[in-house]
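# Observations on the three-dimensional arrangement
Residues per chain are reported as follows:
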Amino acid sequence: MGYYQGLKTRLQSVKKRIEETAKVCGRNPESVRLVAVSKTIVTNRVREAIEAGVTVLGENYVQEARSKISDLSAYPVSWHFVGHLQSNKAKYAVRLFNLIHSVDSIKLARELNKQAKKINKIQDILIQVNIGAESAKSGALAQDTIKLIKNMKSLDNLALKGLMTMPPFFNNPEKVRPFFAALRELRDHLEQQRIANVTLNELSMGMTGDFEAAIEEGATLVRIGTAIFGARK
Ligand SMILES: *Cc1c(COP(=O)(O)O)cnc(C)c1O
């Protein structure tokens, strides 16, 4: 099977698994969006994925994404930033991405707000939460998220849409599930605080190894690379 046919088959299988899982747990399949994570995947393969039906791409590195987005600008797709973002790249990020999943500090939020204002854009963002409180991982600690949201309230060029997490790594999705549940519970808790203008509809969680568990726990955005593009080098 050629790469394109293989990719098409894998994509269809992923979409089907998303749909089936949503149905089984009583959710509308359309409430779960697939973000095809294309980091390290060359432009032509990303193009093939778009032609096979991908509509949202996720990238981790600003520099890499810049050339892909420019080469593929004829396609009506959305680009999401899912990697760790440094403040000095905020200027590029607001020009390139429809949704930034990885805001985890007030410093980064302020810089994104400033850069978005310059180009007259309201930038959609998610707060990345380090739900397992792992020392080596980026993301705000769960207990710091209320303060972060409150501090972001005056940033008029940002629109907070929800939360994202990269849970601790386990080979077994059942071991990851409690972390997905914890992100959903944190979201529910934050919404109960009735912080003005904040609705946290989006939960970005679940990757190749565990997206079904994530959907069962409420994911609205699943970020899937390997199951679509094959193993990365
Ligand atoms: C690479 C990456 C993914 C996709 O991981 P797969 O296991 O290949 O599906 C999802 N989210 C983030 C933040 C990533 O860096």
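This one's a predicted model, so the numbers in the text were calculated from it and none came from an experiment. (Residues numbered from 1 in each chain as written. Predicted model: local features only at pLDDT ≥ 70, side-chain atom pairs only at ≥ 80, totals over all residues. Heavy atoms only, no water.)

## Brief notes about helix 5 (residues 106-118)
Compared with the 18 Å implied by 1.5 Å per residue over 13 residues, the 18 Å span of helix 5 between its first and last C-alpha is a close match. Within helix 5 the residues assigned to the buried category are Leu 108, Ala 109, Leu 112, Asn 113, Gln 115 and Ala 116. Close packing links the buried residues of helix 5 with helix 4 (90-96), strand 4 (99-103), strand 5 (123-129), helix 6 (145-152) and strand 6 (158-165). After helix 5 finishes, the residue Asn 120 shows a positive phi value of roughly 60 degrees. (Helix = DSSP H or I, 4+ residues; strand = E, 2+ residues; numbered from the N terminus. Expected span 1.5 Å × (residues − 1). Buried < 20%, exposed > 50% of the residue type's maximum accessible area, 1.4 Å probe, protein only. Contact = heavy atoms within 4.5 Å.)

## Here we look at the side chain of Thr 165
Here Thr 165 is to be found in strand 6. Setting aside chain neighbours within four positions, we find Thr 165 in contact with Val 129, Ile 131, Leu 183, Ser 204, Met 205 and Arg 223.

## Focus on the environment of Asn 171
For Asn 171, the position within the fold is in the loop between strand 6 and helix 7 (173-192). In this structure Asn 171 comes out as exposed when scored by relative accessible area, which is 72%. Once the C-alpha coordinates of Asn 171 and Asp 210 are considered, the two residues, 39 residues apart in sequence, prove to be 8.7 Å apart.

## Notes on the pattern of salt bridges
What the rule picks out here adds up to 13 salt bridges. The shortest N-O distance in the salt bridge between Glu 202 and Arg 33 comes to 3.4 Å. Placement of the pair is Glu 202 in strand 7 (residues 202-204) and Arg 33 in strand 1 (residues 33-37), with a sequence separation of 169 residues. Measuring nitrogen to oxygen at the nearest pair gives 2.6 Å for the salt bridge that ties Arg 177 to Glu 216. Of this pair, Arg 177 sits in helix 7 while Glu 216 sits in helix 8 (residues 211-216), and the two are 39 residues apart along the sequence. For Arg 177, a relative accessible area of 19% translates into the label buried. Since its relative accessible area comes to 37%, Glu 216 is described here as partly exposed. (Salt bridge = Lys/Arg side-chain N within 4 Å of Asp/Glu carboxyl O.)

## A closer look at the nonpolar core
If you look at the biggest cluster of nonpolar residues, it comprises 67 residues, and the most contacted ones within it are Ile 18, Phe 97, Ile 100, Leu 112, Val 222 and Ile 224. The residues touching Leu 112, leaving out its near neighbours within four places in the chain, are Leu 85, Ala 90, Ala 93, Val 94, Ile 100, Val 103 and Leu 158. Of all hydrophobic cores here, the second largest spans six residues; its members include Val 56, Leu 99, Met 164 and Leu 221. (Core = buried A, V, L, I, M, F, W, Y, C linked by side-chain atoms within 4.5 Å.)

## Regarding the packing of helix 6 against helix 7
Remark: helix 6 packs on helix 7, axes separated minimally by 11 Å, with the N-to-C direction vectors making an angle of 50 degrees. With respect to each other, helix 6 and helix 7 are oriented oblique. The hand of the helix 6/helix 7 crossing is right-handed. Contact residues: Thr 145, Ile 146 and Ile 149 in helix 6; Leu 186, His 189 and Leu 190 in helix 7. A class-by-class count of the residues in the contact of helix 6 with helix 7 yields four nonpolar, two polar and no charged. (Axes fitted to C-alpha atoms, helices over the stretch in contact; angles between N-to-C directions. Parallel < 35°, antiparallel > 145°, perpendicular 65-115°, else oblique. Left-handed = near helix turned anticlockwise from the far one by under 90°. Nonpolar A, V, L, I, M, F, W, Y, C, P; charged D, E, K, R; others polar.)

## Re the site of the ligand
In the neighbourhood of the ligand, the contacting residues comprise Val 37, Lys 39, Asn 60, Val 82, Met 166, Met 207, Thr 208, Arg 223, Ile 224, Gly 225, Thr 226 and Arg 232. A distance of 2.5 Å separates an oxygen atom of the ligand from a polar side-chain atom of Thr 226. Note that an oxygen atom of the ligand is positioned 2.8 Å from one of the side-chain N or O atoms of Arg 232. The protein chains hide 90% of the 390 Å² of surface that the ligand would expose on its own. Of the residues contributing to the shell around the ligand, the split by class is five nonpolar, four polar and three charged. (Near = heavy atom within 4 Å. Polar contact = N/O pair within 3.5 Å; in protein donor to acceptor, adjacent residues only side chain to side chain. Areas by Shrake-Rupley, 256 points an atom, 1.4 Å probe, with all protein chains shown as cover.)

## Remarks on a positive patch on the surface
Residues Arg 66, Lys 91, Arg 95 and Lys 118 make up a contiguous surface patch of positive charge. Taking the relative accessible area as the measure of exposure, Lys 118 reaches 55% and is therefore exposed. (Patch = residues over 30% accessible without salt bridge, like charges linked within 9 Å, V, L, I, M, F, W, Y side chains within 5 Å. Lys, Arg positive; Asp, Glu negative; His and termini not counted. Charge placed at Lys NZ, Arg CZ, Asp CG, Glu CD.)

## Focus: the packing of helix 1 (residues 3-24) against helix 2 (residues 43-51)
For the pair helix 1 and helix 2, the least separation of the axes is 10 Å and the interaxial angle reads 50 degrees. Taken as axis vectors, helix 1 and helix 2 run oblique relative to one another. Our pair here, helix 1 against helix 2, has a crossing hand that is right-handed. The residues of helix 2 that touch helix 1, namely those facing Tyr 3, Tyr 4, Leu 7 and Leu 11, are Arg 45, Glu 48, Ala 49 and Glu 51. Across the contact of helix 1 with helix 2, the residue classes tally to five nonpolar, no polar and three charged.

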